[in-house]
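This is what each chain is made of:
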Amino acid sequence: AFSVSEDLKYALRESIELLGNETTQYLIKHGKVNYTGQNAIKPEELSRECLRYMYRMLFLFYIEARPELEYAPMKSMTYLKGYSLENLRDLEMIPLYSEEDKNGHYLNDSLNLLFKLIHKGYTARQHIDTRDIDDFSITQLDSHLFDPKRTPTLNKVVFSNLTLQRIIQLMSLSRPKKGKRARRGRISYAQLGINQLGAVYEALLSYRGFFANELLYEVKKKGEKHNELETGYFVTAEQFQQYEEDEKVTHTVYEGGEKKTRYKTFEKGSFIYRMAGRD
């Protein structure tokens, strides 16, 4: 349970960056916001909304894994196959080949429908013979978490299958381990206790989202191993030249099928979500 909660901290941090970046690109592309001026998107509000979106998913992963709580109607095949987040997990590793697959919005529509179902609730139709139709009921959860008014910016965005599949994958599978035989395991939310769930929840409250005003390079303290959950340090291209190789953060990329090491950079306009020191 401890290792699962640690993996989830990494997963949620990266997921919030993915949501934030797609939100920004989508809204700017459709002429709804700008980077600067009166119509500028505010990174603090964007951070809060992305955090709330991910907490919705965390809640659903947890509640669907706990049938003894009798909230999510997991015994109903209609709910399980037609609405549940558990059903979307089956698509976590399906290859998306075409642009239509990648840019489609099946996952976006499915999640929005599920969030609405939780927020509004649903009562099984009493006049229908349930022997013929598998109906279900779900209690309305009237809370800030699922209130669409609390995510006004994200409500304007249609997230791509590519982004949401990556997020579901991050939330569903353990982090890749080193070694040839290392395999990613499927996270069991039934194993998580309140303490572990609380640790994941609290970990992200000290993080802050901001936009890169220009091309930024990530650096670290000399001799220390880079950790995305620790305080992030970002410098301009001019400042980057003053740092030693051991202070420069690198990552592995695949170019033309070859594995290569590159410096960790963030393009101008990128949304970055990292721990902000004293903040």
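Residues numbered from 1 in each chain as written. Predicted model: local features only at pLDDT ≥ 70, side-chain atom pairs only at ≥ 80, totals over all residues. Heavy atoms only, no water.

Trainee: I tried to follow the environment of Val253 on my own but got confused; where do I start?
Mentor: In this fold, Val253 is placed in strand 4 (residues 250-255). In this structure the C-alpha to C-alpha distance between Val253 and Asn155, which are 98 residues apart in sequence, comes to 33 Å. Here Val253 is in contact with Glu258, Lys259, Lys260 and Arg262, once residues within four sequence places are set aside. (Helix = DSSP H or I, 4+ residues; strand = E, 2+ residues; numbered from the N terminus. Contact = heavy atoms within 4.5 Å.)

Trainee: How should I be thinking about the side chain of Ser270 in this particular structure?
Mentor: With respect to the element layout, Ser270 can be found in the loop between strand 6 (265-266) and strand 7 (271-275). For Ser270, a relative accessible area of 15% translates into the label buried. At 2.7 Å, the side chain of Ser270 and the backbone oxygen of Glu267 are in polar contact. Setting aside its immediate chain neighbours within four residues, Ser270 contacts Asn21, Phe210, Phe211 and Ala212. (Buried < 20%, exposed > 50% of the residue type's maximum accessible area, 1.4 Å probe, protein only. Polar contact = N/O pair within 3.5 Å; in protein donor to acceptor, adjacent residues only side chain to side chain.)

Trainee: I tried to follow empty space enclosed by the protein on my own but got confused; where do I start?
Mentor: A water-sized probe rolled over the atoms picks out the places where empty space is left. This model, assessed by the stated rule, comprises 1 cavity of 30 Å³ or more. The calculated volume of the largest cavity comes to roughly 30 Å³. (1 Å grid on protein atoms, 1.4 Å probe; cavity = no way out; pocket = protein on both sides within 12 Å on 5 of 7 lines; lining within 4 Å. Points joined across faces, edges and corners; volume = space filled by probe spheres on them.)

Trainee: I would appreciate a short explanation of the side chain of Asp135 in the present structure.
Mentor: Mapped onto the fold, Asp135 is located in the loop between helix 6 (106-120) and helix 7 (161-172). At 3.5 Å, the side chain of Asp135 and the side chain of Tyr122 are in polar contact. The residues touching Asp135, leaving out its near neighbours within four places in the chain, are Ser76, Tyr122, Ala124 and Arg125.

Trainee: I'm lost on the sheet that holds strand 2 (residues 216-219) in this one. Help?
Mentor: Taken in spatial order, the 3 strands of this open sheet run 3-2-6, and their pairing is antiparallel. Edge positions in the open sheet fall to strand 3 (233-236) and strand 6, since each of these has one partner strand only. Where strand 2 meets strand 3, 4 bridges bridge the pair, whose relative direction is antiparallel. From the neighbouring strand, Tyr217 faces strand 3, where its bridge partner is Val235. (Pairing = 2+ DSSP bridges.)

Any functional reading would require information that these geometric values do not contain.
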